[in-house]
Amino acid sequence: MNKPPDRRVSIFPNKRTMDGVMLEEWSAVSQASVLRSGRFVAALSGGRTPVSFYERLAASGRDLPWEKTHIFQADERLVPAGHPASNLRMIEAKLLHHVPIPAVNVHAMPVELAPGASAGAYDQEMRDFFGLKEWDLPRFDLILLGLGEDGHTASLFPGAEGLWEGRRLAVPALRPAPDHDRVSLSLLTINAAHVVVFLVTGEDKASALKAVLEGPSEGLPAAMVRPREGRSVFLADKGAAGLLAAPPRMNMI
Ligand code: 6PG
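Values in this document were obtained by computation on a predicted structure and should not be read as measured data.

**Q** Help me out: how do you make sense of the overall build of the protein chain in this one?
**A** Helix and strand content of the protein chain: six helices and 10 strands. In terms of overall dimensions, the protein chain is globule-like: its C-alpha atoms have a radius of gyration of 17 Å, near the 18 Å expected for 253 residues. Along the longest, intermediate and shortest principal axes, the C-alpha atoms of the protein chain span 45 × 40 × 40 Å. Evaluated residue by residue, the protein chain yields a buried proportion of 54% over its 253 residues. Sequence separation of at least 24 residues holds for 79% of the intrachain contacts in the protein chain that already meet a minimum separation of 6. Within the protein chain, the 29 negative side-chain charges are centred at a point lying 5 Å from the centre of the 28 positive side-chain charges.

What follows is the structure, encoded as structure tokens:
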């Protein structure tokens, strides 16, 4: 019998308080990971939602184990490194260029390759980094995800082949114009993580968040994120939580 998902939902009056709790989560998970394994391995998303958190983390001045931290990407658009749509460009500008993380600890998705080749190369990079045998899975300490209005997360869109991927750790995501071809961690990889945190803000995400948390969620990629041996955390502001039938108590800290 499948055990119920280990899932926590917290609602905040505004993004500032939500980012503050995310900073505490990051601090706790990073310290615990270094104690457990000697390193902290996280995969980060792009988009608009996490920008203020990345800025808050960069400016926190906290004594975090950056020299033992490794940053991977949850997904990337296959555009040149300096392109405005590049997730890495944003993550570097808002976070990585402001913290003492060694350059070799930043594991960027290769954007100069075709989608399938890029996904294959990133799959291999994870296998090498985690020292995986044939059917092992990478266990990220934390994966930070956003939520699209259509229920997508990372670059796993409804109906995408990568949703039911049983082997590849990263998959190509071919989008119609005007968006870009992308590469994404597969659901297989995401669900092997210790902790998955969704950051969701804005009324435009209320319908998607309600569907993911309360159903019907058939085929919604974000609803398929259920870490097998880990836990998922949804941090949302009151705008995004506005349609929830049974919202948890508001976090006022
Ligand atoms: C990306 C993200 C994507 C994002 C959602 C939400 O590359 O755009 O990985 O999955 O998290 O689309 O985007 P916003 O945070 O901009 O609303």
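**Q** What is the right way to read the sheet that holds strand β5 (residues 106-107) from this model?
**A** In sheet architecture, strand pairing relies on hydrogen bonds along the backbone and comes in two forms, parallel and antiparallel. With parallel pairing, seven strands are arranged side by side in an open sheet as β1-β10-β9-β6-β2-β3-β5. Two strands close off the open sheet at either side, each with one partner strand: β1 (7-12) and β5. Here β1 pairs with strand β10 (residues 231-237) via six bridges, running parallel. Within β10, the position partnered with Ser10 by the bridge is Leu235. Against the sheet, helix α4 (residues 115-130) touches β2 (40-44), β3 (69-73) and β5, its axis set at about 160° to β3.

**Q** Looking at this structure, I do not really get unusual backbone geometry. What am I missing?
**A** The phi torsion of most residues other than glycine is negative, and most of the peptide bonds are trans. Here the residue pair Gly215 and Pro216 is connected by a cis peptide bond, since its omega of -5° sits within 30 degrees of zero. Following the sequence through the fold, Pro216 ends up in the loop between α6 (206-214) and β10. The phi dihedral of Ala154 is positive, around 50°, even though this residue is not glycine. Mapping Ala154 onto the fold places it in the loop between β6 (142-145) and β7 (170-173). Looking at Ala154, the relative accessible area reads 9%, which means it is buried.

**Q** Please explain the packing of helix α1 (residues 15-37) against helix α2 (residues 51-59) as it appears in this structure.
**A** Each pair of packed helices gets described by two things: the angle between the helix axes and the distance between those axes. It is at 9 Å that the axes of α1 and α2 come closest, and there the two elements cross at 55°. In terms of their interaxial angle, α1 and α2 are classed as oblique. The way α1 lies across α2 gives a crossing that is right-handed. Judged by residue contacts, Lys15, Arg16, Asp19, Gly20, Met22, Leu23 and Trp26 of α1 engage Ser52, Phe53, Arg56 and Leu57 from α2. A per-class count over the contact of α1 with α2 returns five nonpolar, two polar and four charged.

**Q** It is not clear to me how α6 should be interpreted in this structure. Could you clarify?
**A** In an α-helix there are 3.6 residues to a turn, and that puts residues three or four apart on one side. The complete set of buried residues in α6 reads Ala206, Ala208, Leu209, Ala211, Val212 and Leu213. Against the buried residues of α6 lie β1, β9 (195-200) and β10. Positive backbone phi, at 80°, marks Gly215, one or two positions downstream of α6.

**Q** Please explain the pairing of β7 as it appears in this structure.
**A** Each regular strand displays side chains that alternate between the two surfaces of the sheet. Here β7 shows a buried face lined by Ala170 and Pro172 and a second buried face lined by Val171 and Ala173. Both β7 and strand β8 (residues 182-185) contribute to a ladder of four bridges, which runs antiparallel. The partner of Val171 across the bridge, within β8, is Ser184.

**Q** Just checking my understanding: could you explain a negative patch on the surface for this structure?
**A** Where like charges cluster on the molecular surface, the negative patch consists of Glu149, Asp150, Glu203 and Asp204. Along the polypeptide, Glu203 turns up in the loop between β9 and α6.

**Q** Teacher, can you tell me more about the packing of α2 against helix α3 (residues 87-94) here?
**A** Across the interface, α2 lies against α3 with an axial gap of 8 Å and an inter-helix angle of 35°. Packed against α2, whose contacting residues are Val51, Tyr54, Glu55 and Ala58, the element α3 presents Met90, Ile91 and Lys94 at the interface. Its residues assigned to classes, the contact of α2 with α3 comprises five nonpolar, no polar and two charged.

**Q** Explanation requested: α4 in the structure shown.
**A** Compared with an ideal rise of 1.5 Å per residue, which puts 16 residues at 22 Å, α4 spans 22 Å between its outermost C-alpha atoms and is within 8% of the ideal. Residues of α4 that are buried include every one of Pro115, Ser118, Ala119, Tyr122, Asp123, Met126, Arg127, Phe129 and Phe130, and no others. The secondary structure elements touched by the buried residues of α4 are β2, β3, β5, β7, β8 and α5 (187-190). Positive backbone phi, at 65°, marks Gly131, one or two positions downstream of α4.

Reading the values: the criteria
- Residues numbered from 1 in each chain as written.
- Predicted model: local features only at pLDDT ≥ 70, side-chain atom pairs only at ≥ 80, totals over all residues.
- Heavy atoms only, no water.
- Helix = DSSP H or I, 4+ residues; strand = E, 2+ residues; numbered from the N terminus.
- Rg over C-alpha atoms; globule rule 2.2 N^0.38 Å.
- Buried < 20%, exposed > 50% of the residue type's maximum accessible area, 1.4 Å probe, protein only.
- Contact = heavy atoms within 4.5 Å.
- Lys, Arg positive; Asp, Glu negative; His and termini not counted.
- Charge placed at Lys NZ, Arg CZ, Asp CG, Glu CD.
- Pairing = 2+ DSSP bridges.
- Axes fitted to C-alpha atoms, helices over the stretch in contact; angles between N-to-C directions.
- Parallel < 35°, antiparallel > 145°, perpendicular 65-115°, else oblique.
- Left-handed = near helix turned anticlockwise from the far one by under 90°.
- Nonpolar A, V, L, I, M, F, W, Y, C, P; charged D, E, K, R; others polar.
- Patch = residues over 30% accessible without salt bridge, like charges linked within 9 Å, V, L, I, M, F, W, Y side chains within 5 Å.
- Areas by Shrake-Rupley, 256 points an atom, 1.4 Å probe, with all protein chains shown as cover.
- Salt bridge = Lys/Arg side-chain N within 4 Å of Asp/Glu carboxyl O.
- Expected span 1.5 Å × (residues − 1).

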